[in-house]
Amino acid sequence: MELEVAQKPSSDFEVIGGAPAIDRLVEAFYRNMDSRADARDIRAMHAADLEPTKNILKLYLGEWLGGPAEYSKQRGHPRLRQRHMRIPIGPAERDAWLACMNAALDEVVTEANLRDRLKGAFHKLADWLRNDLENEHDKHR
Ligand code: HEM
């Protein structure tokens with residue numbers, strides 16, 4: 001029915017501006033990680049060459065925002081918590097990562113509604129990735 005087509009909601013992938021916008025977001029994110037003083041410790045946890053990591057994050061975010069499922073095709077189920085287990089993530093690492101991402105979102109995403117929603121969603125995701133129980137207040141949870 002024509003009406004259904006007209007009402008089909010746009011995915012966040014479309015609203016943000018597709019793959020070119022995600023490229024800009026990820027480039028800005030790693031530029032921030034490379035240059036911000038508050039990101040020095042998490043930058044040191046990454047490989048010297050950020051290019052391979054950049055490409056993987058672009059694929060992941062494209063899929064996460066409702067675009068093509070390229071990440072899964074190339075790397076299997078995301079299992080993000082499992083993939084971050086070797087990396088100690090406490091509140092400081094979470095907040096440094098989010099500072100880089102929030103600044104990248106401010107730079108790249110012009111649509112205020114989407115930008116705020118994405119900040120909230122990244123916050124939840126980064127908090128869920130915390131695995132450094134030494135730095136938790138409620139470590140017996
Ligand atoms: C919303 C939060 C986050 C998202 C969406 C995210 C996403 C990702 C993805 C998709 C990968 C690649 C996984 C793969 O190999 O397929 C990755 C790797 C990695 N992440 Fe995260 N991550 C987040 C938070 C963090 C935080 C808080 C840290 C803190 C240090 C972190 C550090 C790393 C490191 C060190 C790698 C390995 C990269 C490399 O080997 O160069 N991530 N992350």
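Everything quoted here is computed from the prediction, not taken from an experiment. (Residues numbered from 1 in each chain as written. Predicted model: local features only at pLDDT ≥ 70, side-chain atom pairs only at ≥ 80, totals over all residues. Heavy atoms only, no water.)

Visitor: Teacher, can you tell me more about the site of the ligand here?
Guide: Neighbouring the ligand are 23 residues; Thr-53, Tyr-71, Arg-75, His-84 and Trp-97 lie closest to it. Here a nitrogen atom of the ligand sits 2.8 Å away from a polar atom, N or O, in the side chain of His-84. One can see that the ligand is located within the largest pocket. Elements supplying a minimum of two residues to the shell around the ligand: α5 (51-64), α6 (70-75), α7 (80-83), α8 (91-108) and α9 (112-128). Considering every element that reaches the shell around the ligand, the biggest residue donor is α5, with four residues. Of the residues contributing to the shell around the ligand, the split by class is 15 nonpolar, three polar and five charged. (Near = heavy atom within 4 Å. Polar contact = N/O pair within 3.5 Å; in protein donor to acceptor, adjacent residues only side chain to side chain. 1 Å grid on protein atoms, 1.4 Å probe; cavity = no way out; pocket = protein on both sides within 12 Å on 5 of 7 lines; lining within 4 Å. Sits in = over half its atoms within 2 Å of the grid points. Helix = DSSP H or I, 4+ residues; strand = E, 2+ residues; numbered from the N terminus. Nonpolar A, V, L, I, M, F, W, Y, C, P; charged D, E, K, R; others polar.)

Visitor: Please clarify how the nonpolar core should be interpreted in this entry.
Guide: Proteins that are soluble and globular tend to have nonpolar side chains buried together. Formed by 35 residues in total, the largest nonpolar core has its most connected members in Ile-16, Leu-25, Phe-29 and Leu-61. Those elements that place two or more of their residues in this core are α2 (12-16), α3 (18-35), α5, α8 and α9. Top element by residues in this core is α3. It accounts for eight residues. Discounting chain neighbours no more than four positions away, the residues touching Leu-61 are Ile-22, Leu-25, Val-26, Met-101 and Phe-122. (Core = buried A, V, L, I, M, F, W, Y, C linked by side-chain atoms within 4.5 Å. Buried < 20%, exposed > 50% of the residue type's maximum accessible area, 1.4 Å probe, protein only. Contact = heavy atoms within 4.5 Å.)

Visitor: Sorry, what's going on with the coordination of the iron atom of the ligand here?
Guide: Think of it this way: four donors in a tetrahedron around the metal ideally sit 109.5 degrees apart, and six in an octahedron ideally sit 90 or 180 degrees apart. Donor atoms from the protein around the iron atom of the ligand number only one, His-84 (NE2), found at 2.1 Å. Position of His-84 among the secondary structure elements: in the loop between α7 and α8. (Donors = N, O, S within 2.8 Å, 3.2 Å for Na, K, Ca; no water.)

Visitor: Please explain the pattern of salt bridges as it appears in this structure.
Guide: A side chain with one charge may pair with a side chain of the opposite charge, provided their charged atoms come close. With the rule as written, the count across this model stands at 13 salt bridges. Taking the shortest distance from any N to any O, the salt bridge between Asp-38 and Arg-36 comes out at 2.9 Å. (Salt bridge = Lys/Arg side-chain N within 4 Å of Asp/Glu carboxyl O.)

Visitor: What am I meant to see in unusual backbone geometry here?
Guide: Trans is the prevailing form of peptide bonds, just as negative phi is the prevailing case for residues other than glycine. At Arg-79, a residue that is not glycine, the phi angle is positive and equals roughly 40°. Relative to the helices and strands, Arg-79 resides in the loop between α6 and α7. With a relative accessible area of 36%, Arg-79 lands in the partly exposed category.

Visitor: Is there a simple way to think about the packing of α8 against α9 in this case?
Guide: Each packed pair of helices is defined by two parameters, the angle between the axes and the distance between the axes. At a closest axis distance of 10 Å, the pairing of α8 and α9 adopts a crossing angle of 160°. Considering their axes alone, α8 and α9 lie roughly antiparallel with respect to each other. The hand of the α8/α9 crossing is right-handed. From α8, Arg-94, Trp-97, Leu-98, Met-101, Asn-102, Leu-105 and Asp-106 reach across to α9, where they touch Arg-115, Leu-118, Lys-119, Phe-122, His-123, Ala-126 and Asp-127. The residue inventory of the contact of α8 with α9, partitioned by class, reads seven nonpolar, two polar and five charged. (Axes fitted to C-alpha atoms, helices over the stretch in contact; angles between N-to-C directions. Parallel < 35°, antiparallel > 145°, perpendicular 65-115°, else oblique. Left-handed = near helix turned anticlockwise from the far one by under 90°.)

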